[in-house]
Amino acid sequence: MALTRVKNNQLSGSIATSKLASGSSFLTSVATSNLPAGTLLQYKSQKADGVLTMTSQSFIDSGSSVAITPLSSSNTIIITAMLAAEVYGTANTGARYKLQRVIGGSATDVYETDYDLYHSSSDDQRIDRVIMHYIDGPGRTAGVEVTYKVVVSSSTVAGTARHNNYGSPSVITVYEIKG
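Given the structure is predicted, the values throughout are model-derived calculations rather than measurements. (Residues numbered from 1 in each chain as written. Predicted model: local features only at pLDDT ≥ 70, side-chain atom pairs only at ≥ 80, totals over all residues. Heavy atoms only, no water.)

Visitor: Sorry, what's going on with the overall build of the protein chain here?
Guide: Scanning the protein chain for helices and strands turns up zero helices and 11 strands. Ordered by position from N to C terminus, the α and β elements of the protein chain give β-β-β-β-β-β-β-β-β-β-β. In the protein chain, buried positions account for 34% of the 179 residues. Sequence-distant contacts in the protein chain: of pairs separated by 6 or more residues, those separated by 24 or more amount to 81%. (Helix = DSSP H or I, 4+ residues; strand = E, 2+ residues; numbered from the N terminus. Buried < 20%, exposed > 50% of the residue type's maximum accessible area, 1.4 Å probe, protein only. Contact = heavy atoms within 4.5 Å.)

Visitor: What should I look at first to understand the pairing of strand E10 (residues 160-163) in this one?
Guide: Alternating positions in E10 separate into two faces, Thr160 and Arg162 on one and Ala161 and His163 on the other, with burial throughout. Judged from the three bridges that link them, strand E2 (residues 52-54) and E10 form a sheet pairing that is antiparallel. Paired with Leu52 across the strands is His163, a residue of E10. Note that strand E4 (residues 76-88) and E10 share four bridges and pair antiparallel. Bridge pairing in E10 places Tyr88 opposite Thr160. (Pairing = 2+ DSSP bridges.)

Visitor: What am I meant to see in the packing of aromatic side chains here?
Guide: Ring pairs (aromatic) are described by centroid distance and by the angle formed between their planes. Under the defined criterion, the tally for this structure stands at one aromatic pair. The aromatic ring of Phe59 is capped on one face by Lys98, whose charged end is 4.3 Å from the ring centroid. (Phe/Tyr/Trp six-rings, centres within 6.5 Å; stacked < 30°, edge-to-face > 60°. Lys NZ or Arg CZ within 6 Å of the ring centre and 35° of its normal.)

Visitor: Sorry, what's going on with the pattern of salt bridges here?
Guide: Once their charged atoms are close, side chains differing in charge can pair, the charge on each being opposite to the other. According to the stated counting rule, one finds six salt bridges in the structure shown. As a salt-bridge pair, Lys149 and Asp61 come within 4.0 Å of each other at their nearest N and O atoms. Of the two residues, Lys149 sits in strand E9 (residues 146-154) while Asp61 sits in strand E3 (residues 60-68), which places them 88 residues apart along the sequence. The partly exposed category is assigned to Lys149, whose relative accessible area is 21%. Judged by relative accessible area, which is 43%, Asp61 ranks as partly exposed. (Salt bridge = Lys/Arg side-chain N within 4 Å of Asp/Glu carboxyl O.)

Written out as structure tokens, the structure is:
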């Protein structure tokens, strides 16, 4: 049988959406409940480039934060951050970061280390990117906004740590993955 081309003027009528196998929303939307586990549901990202200089061990807001409203309490939230850090001035000093989860104005530390960037010599400086990765497992309340923010400090009072002086900007990204 020979193939024939259909010309635009030979097509007439249309197919009613209700005649499609998946119903009226087939071509316009898919319910989140119909998506498989592991599907990326949403993500938010933020860049911050304000330079901070720390000479104390007190944590201060780095300017990197993202707010997200989880769609379901069974989903997983993944947070990644790439932070521009520098240390100099004294041996055995460093920059350290914390990741905080803020719900309703109340902050909880969810990630912290003693040194994220360390340098052991007083005759030089160290500049690098600090990579942070955290998985906030299921359990966030659906529909309640959560802010993930990064705070920073120097690990000693003698040395100096700077955030975003070189290699700026820092970037934080938050992903919601279907559980």
